[in-house]
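A closer look at the structure
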Amino acid sequence: MRFPLIAFFMKGKAKKGTYFKKYAAKIVLMERKAKMNKIKKFLLLLILLCFLLAGCSSQSSSGVNKEIKFADAGWDSVKFHSAVAGTILQELYGYTWSEVTASTPVAHQGLISGEIDIMMEAWTQNIPSYDEDVAAGKLEEVGVNFDDNYQGIYVPRYVVEGDEERGIEPSAPDLINVWDLKNYPDVFKDDEDSSKGRVYGAIPGWEIDNIMHKKYLHYGLDENFVYFRPGSEAALATAITSAYEKGVPVAAYYWEPTWLLGKYDMVLLQDKPYDPELFPEGQTECPSVVVTICSSNDFSQDNPQVIDFLSKYKTSSALTSEALAYMQDNKADYITTAKWFIQEHPELLKEWLSPEDAQKVLNSISGKEASKLSSLYKFPVNFNLNLEKIDAAFNSLSVQLDWFFGAIKGFLNTFVGAINTLLSFIPWFAFIALVFVLTYYANRSFKNSILYSALLFIIGGLGLWNLMLETLSIVIASVIISLLLGFPIGVLVSTSDKADRIIRPILDTMQTMPVFVYLIPAMIFFGLGKPPAVIATTIYSIVPMIRLTNHGIRQIDKEVIEASIAFGSTRFQSLVKVQIPQALPTIMTGVNQTLMMAMSMVVTTSMIGASGLGMEVLLSVNRVEIGRGLISGSAVVIIAIILDRITQGFVKKSEVKTNE
């Protein structure tokens with residue numbers, strides 16, 4: 001039925017009589033009822049579909065008792081063991097499981113608070129309060145995962161023995177003990193201070209980091225070596241792998257079991273025999289650490305069958321390394337590796353479980369068909385990208401163009417060092433006076449200038465003055481480079497619509513990309529320290545300079561530009577003498593935003609070894625030291641506020657001049 005047409009026709013005829021009016025109204029009512037019936041049918045189908053999906057979900061998740069939250073402390077072995085335990089508990093008891101990413105100290109606190117249920121690798125030596133917390137009943141030690149590991153200062157074997165296949169001559173043939181490093185500062189040169197060598201320490205926040213630093217001081221390595229904190233496990237691994245691929249010397253703290261030591265031929269430097277009294281002072285070799293399995297108290301009480309299984313869960317460093325090597329060689333994920341490991345070592349299941357339960361787990365993961373309902377939740381397409389080739393391409397590029405990236409790194413080291421030297425040369429009182437003058441000139445507020453100067457004085461009083469100068473040197477260097485590159489690019493884009501269409505999506509990508517992604521190529525090509533920090537900060541902070549320069553010039557009235565050309569100006573003269581001065585307030589806003597974004601990268605770049613206030617914040621987070629974190633974080637905020645007020649003042653002044 002074509003109700004709209006009939007109704008229209010009948011409405012027209014209704015003028016001739018009452019009959020037609022009533023019939024037209026009836027037709028319209030029938031049309032409305034038909035529409036309502038269609039809506040009701042659609043809603044009914046939607047409700048039935050929701051019930052169907054809910055039923056599928058409940059059926060597929062039947063038997064699930066609870067989700068187990070494993071601690072993900074950031075390294076491969078703990079993720080692997082979480083996958084093994086999670087897979088077994090899922091297949092045996094129907095548990096679901098997930099991982100909570102946290103550093104070792106933070107994960108330890110998460111166990112105490114109950115936010116994390118299980119930690120499969122608690123490196124007890126790296127947690128200062130571990131024994132006290134267990135004794136106080138704040139968490140439960142379920143069992144020992146393994147205790148046959150090694151850790152200490154490693155160097156590549158080719159440093160001591162050479163490598164004929166790669167054409168590498170031994171550069172330190174007599175390097176046997178840790179204290180022998182003192183004789184080879186020229187072999188392990190520091191990137192930032194060529195007069196000294198560099199030894200990479202442990203991860204900031206780990207207790208072993210304090211011990212390794214004491215060892216560094218005990219053997220007098222501080223005379224001609226720099227103790228370099230890498231900031232994160234990923235940064236430390238990148239430093240070692242990058243050096244190994246290039247065939248250059250590197251001395252760094254590391255531990256077993258890890259895929260890195262399974263893949264690369266590294267030598268553990270010898271030390272004096274272990275002494276429990278002298279070891280905390282860094283005067284002996286590191287003992288094998290007891291790596292335990294821990295549980296929160298609430299989870300332990302509510303899940304006795306899980307705790308019973310984990311109390312019997314025991315592996316070894318060799319078994320763990322075997323699994324990690326399989327994962328690395330086959331590019332497998334943790335769950336796939338866990339299932340391979342369980343099938344490869346059924347004897348372990350017999351130790352952990354009853355014979356019936358062990359066979360049940362083996363049968364479950366040995367290739368039986370999954371439930372048909374699972375296909376509803378599994379994405380049907382997998383492109384299987386070869387990420388290994390991408391990694392290999394970047395590593396190969398870093399090796400082949402090492403001379404190029406080395407030159408840039410050397411320039412950035414010199415540039416940042418010069419800025420830091422200049423800032424350090426200014427006496428503290430003169431520095432504060434300079435800030436007072438700049439803030440007063442920018443804002444014409446005597447009270448605010450006094451306040452900013454007082455806050456700066458407080459930073460110095462808290463012992464953070466030198467760290468502040470290091471942070472400022474990185475920020476200033478990054479901002480200068482961003483302005484030198486961003487301003488001309490912004491001007492170029494403003495003069496061409498085609499260039500604007502090309503650059504705009506690139507800028508959108510740069511601005512929305514997670515900042516951590518910028519750290520990866522920076523580490524690969526430029527190592528660790530200040531140079532990669534400047535590179536990553538520049539890439540992140542250059543975007544507003546380009547955008548606002550482009551926007552500022554484009555928003556100028558075209559009649560003003562045409563008038564300048566009509567009076568005899570060339571295109572270039574019009575750009576320099578008319579457009580850029582008119583756009584100056586917007587451009588200065590870009591300078592302000594670039595500066596603020598550079599400051600926001602301070603803490604992030606500490607993860608790749610950039611020293612300064614960011615490293616203090618990172619240390620406080622890793623060690624869960626609230627007071628230290630508040631103080632160092634407040635210092636970053638104070639500097640950001642002062643820089644923002646100065647640049648905002650200049651923005652306002654430029655607006656006034658433009659309006660005049």
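That block above? That's the structure.
Described in the following lines is the structure provided in the data block. (Residues numbered from 1 in each chain as written. Predicted model: local features only at pLDDT ≥ 70, side-chain atom pairs only at ≥ 80, totals over all residues. Heavy atoms only, no water.)

So, on to the packing of aromatic side chains. This model, assessed by the stated rule, comprises 26 aromatic pairs. Taking 4.5 Å as the distance between ring centres and 40° as the angle between the ring planes, the aromatic pair formed by Tyr-244 and Tyr-264 counts as tilted. In this pair, Tyr-244 is assigned in helix α8 (residues 233-246) and Tyr-264 in the loop between α9 (259-263) and β9 (266-268), connecting sequence segments 20 residues apart. An angle of 65° between the planes, with centres 5.4 Å apart, marks the rings of Phe-404 and Phe-405 as edge-to-face. Look at Phe-404 and you get partly exposed, because its relative accessible area is 37%. By way of ring pairs, the aromatic residues Trp-403, Phe-404, Phe-405, Phe-525 and Phe-526 are connected into one cluster. Above the ring of Phe-228, the side-chain terminus of Arg-198 is found at 3.9 Å from the ring centroid. (Phe/Tyr/Trp six-rings, centres within 6.5 Å; stacked < 30°, edge-to-face > 60°. Helix = DSSP H or I, 4+ residues; strand = E, 2+ residues; numbered from the N terminus. Buried < 20%, exposed > 50% of the residue type's maximum accessible area, 1.4 Å probe, protein only. Lys NZ or Arg CZ within 6 Å of the ring centre and 35° of its normal.)

Turning our eyes to something else, we now look at the packing of helix α17 (residues 402-425) against helix α20 (residues 465-494). Relative to each other, α17 and α20 sit at 125°, their axes nearing to 9 Å. In terms of orientation, α17 and α20 fall into the oblique class. For α17 against α20, the interelement crossing comes out right-handed. Here Leu-412, Phe-415, Val-416, Ile-419, Asn-420, Leu-423 and Ser-424 of α17 come into contact with α20, specifically with Leu-469, Glu-470, Leu-472, Ser-473, Ile-474, Ile-476, Ala-477, Ile-480 and Ile-481. The residue inventory of the contact of α17 with α20, partitioned by class, reads 12 nonpolar, three polar and one charged. (Axes fitted to C-alpha atoms, helices over the stretch in contact; angles between N-to-C directions. Parallel < 35°, antiparallel > 145°, perpendicular 65-115°, else oblique. Left-handed = near helix turned anticlockwise from the far one by under 90°. Contact = heavy atoms within 4.5 Å. Nonpolar A, V, L, I, M, F, W, Y, C, P; charged D, E, K, R; others polar.)

Ranked by internal contacts, the top residues of the largest apolar core, which has 121 residues, are Phe-188 and Trp-352. No other element matches the eight residues that helix α3 (residues 76-93) contributes to this core. One finds Leu-456, Met-468, Val-534 and Ile-642 within the second-largest nonpolar core, a separate group that totals 36 residues. (Core = buried A, V, L, I, M, F, W, Y, C linked by side-chain atoms within 4.5 Å.)

In the sheet, strand β6 (residues 197-200) pairs with strand β7 (residues 225-228) via four bridges, with the strands oriented parallel. Each bridged residue has a counterpart across the sheet, and for Arg-198 the counterpart in β7 is Val-226. Taken together, β6, helix α7 (residues 207-218) and β7 form a β-α-β motif whose crossover is right-handed. (Pairing = 2+ DSSP bridges. Right-handed = clockwise from strand over helix to strand, strands pointing away.)

Before going further, it helps to examine a nonpolar patch on the surface. Taken together, the side chains of Ile-480, Leu-484, Leu-485 and Ile-489 present a nonpolar region at the surface, about 340 Å² in accessible area. Summarising the element assignment, Leu-485 is placed in helix α20. (Patch = residues over 30% accessible without salt bridge, like charges linked within 9 Å, V, L, I, M, F, W, Y side chains within 5 Å. Areas by Shrake-Rupley, 256 points an atom, 1.4 Å probe, with all protein chains shown as cover. Salt bridge = Lys/Arg side-chain N within 4 Å of Asp/Glu carboxyl O.)

This part is about the pattern of salt bridges. Counted according to the given criterion, the structure contains 20 salt bridges. The shortest N-O distance in the salt bridge between Lys-182 and Glu-223 comes to 3.3 Å. Of the two residues, Lys-182 is situated in the loop between α6 (157-161) and β6 and Glu-223 in the loop between α7 and β7; the sequence distance between them amounts to 41 residues. Exposure remark for Lys-182: the relative accessible area of 29% places this residue in the partly exposed category. Between Arg-547 and Asp-508 there is a salt bridge, with its nearest N and O atoms 2.2 Å apart. Pair noted here: Arg-547 is in helix α23 (residues 530-554) and Asp-508 is in helix α21 (residues 497-512), with a separation of 39 residues, a long-range link. Taking relative accessible area as the criterion, Asp-508 reaches 35% and is therefore assigned partly exposed. By sharing partners, the salt bridges in this structure join Asp-190, Asp-191, Arg-198 and Lys-409 into a single network.

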